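For reference, the chains in residue letters:
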Amino acid sequence: MHSASRIVSVDDVPEETTFLFRVRPVDGDEEKEAILLHDDEGVVSWLNYCQHFTHIKLDKGSGAEMRDGEVICTNHGAYFEADSGRCTFGPCEGAFLNEIEVGVEDGDVYLVDDDYEFVGTGEIETAKDDLGSKSNYEF
Ligand code: FES
């Protein structure tokens, strides 16, 4: 697999939480965050957005909450199965996370999704200057 699409080594994907990385749609320029986590068969990846409110991130930068193989959205307590992405409990029960295709070769995880290109690891950086425009205060 191409080195530009290497995300991380399998050994560096945490067991009890998620690994955060960034992708860009090949037909767009807006970066998105994705999470990588272990499931019963290896590793799996989902876009890092809850299906209740899709601007809410599951992993807010320090790993998502997980319990018994499920990712938890801490905003309103939705649970998502790690291996299927299906919401098993909470306000979006029955909805599915959006899958990002990844593959493993020689101990490394690669992005193999035709719809996305790998950008880098970690969260999307928001410019400090932008914080003012995201204020809840309107005058
Ligand atoms: S935003 Fe995730 S459960 Fe409400």
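Scroll up to find the structure.
Predicted, not measured: the structure shown is a model, and the values here were computed from it. (Residues numbered from 1 in each chain as written. Predicted model: local features only at pLDDT ≥ 70, side-chain atom pairs only at ≥ 80, totals over all residues. Heavy atoms only, no water.)

Asks: What should I look at first to understand the environment of Ser 3 in this one?
Replies: Take Ser 3: it is sitting in the segment before strand S1 (6-9). Classification of Ser 3 by relative accessible area gives exposed; the value is 62%. The sequence separation of Ser 3 and Leu 111 amounts to 108 residues, and the corresponding C-alpha distance is 9.9 Å. (Helix = DSSP H or I, 4+ residues; strand = E, 2+ residues; numbered from the N terminus. Buried < 20%, exposed > 50% of the residue type's maximum accessible area, 1.4 Å probe, protein only.)

Asks: Looking at this structure, how should I read the layout of surface pockets?
Replies: If a probe as big as a water molecule is rolled over the atoms, it shows which places are left empty. Estimated volume of the second largest pocket: approximately 210 Å³. Along its surface, the second largest pocket is lined by Glu 15, Glu 16, His 38, Asp 39, Asp 40, Met 66, Arg 67, Asp 68, Gly 69, Glu 81, Ala 82 and Asp 83. Contributing elements (two or more residues each) for the lining of the second largest pocket: strand S3 (32-39) and strand S5 (65-67). Of the residues in the lining of the second largest pocket, the class split is two nonpolar, two polar and eight charged. (1 Å grid on protein atoms, 1.4 Å probe; cavity = no way out; pocket = protein on both sides within 12 Å on 5 of 7 lines; lining within 4 Å. Points joined across faces, edges and corners; volume = space filled by probe spheres on them. Nonpolar A, V, L, I, M, F, W, Y, C, P; charged D, E, K, R; others polar.)

Asks: Would you take a moment to explain the pattern of salt bridges for this structure?
Replies: Two side chains with opposite charge may pair up if their charged atoms get near one another. For the structure shown, the criterion picks out six salt bridges. Salt-bridge contacts for Arg 22 lead to Glu 31; the nearest nitrogen and oxygen are separated by 3.2 Å. Note on Arg 22: relative accessible area 17%, which makes it buried. A salt bridge links Lys 57 to Glu 33; its shortest N-O distance comes to 2.9 Å. Of this pair, Lys 57 sits in the loop between strand S4 (42-47) and S5 while Glu 33 sits in strand S3, and the two are 24 residues apart along the sequence. Through salt bridges with shared partners, a single network forms among Arg 22, Arg 24, Glu 31 and Glu 117. (Salt bridge = Lys/Arg side-chain N within 4 Å of Asp/Glu carboxyl O.)

Asks: What should I look at first to understand the pairing of strand S11 (residues 108-111) in this one?
Replies: Look at any regular strand and the pattern is simple: side chains alternate between the two faces of the sheet. The alternating pattern of S11 places Asp 108 and Tyr 110 on one face and Val 109 and Leu 111 on the opposite face, and all of these are buried. Of the strand pairs in this sheet, S1 and S11 are connected by three bridges, and their pairing is antiparallel. Across the sheet, the residue bridging to Arg 6 is Tyr 110, located in S11. Pairing between strand S10 (residues 102-105) and S11: four bridges, direction antiparallel. Looking at S11, one finds that Glu 105 is bridged to Asp 108. Connecting S10 to the antiparallel partner S11 that follows it, the hairpin turn spans two residues, and Asp 106 within it adopts a positive phi of roughly 50°. (Pairing = 2+ DSSP bridges.)

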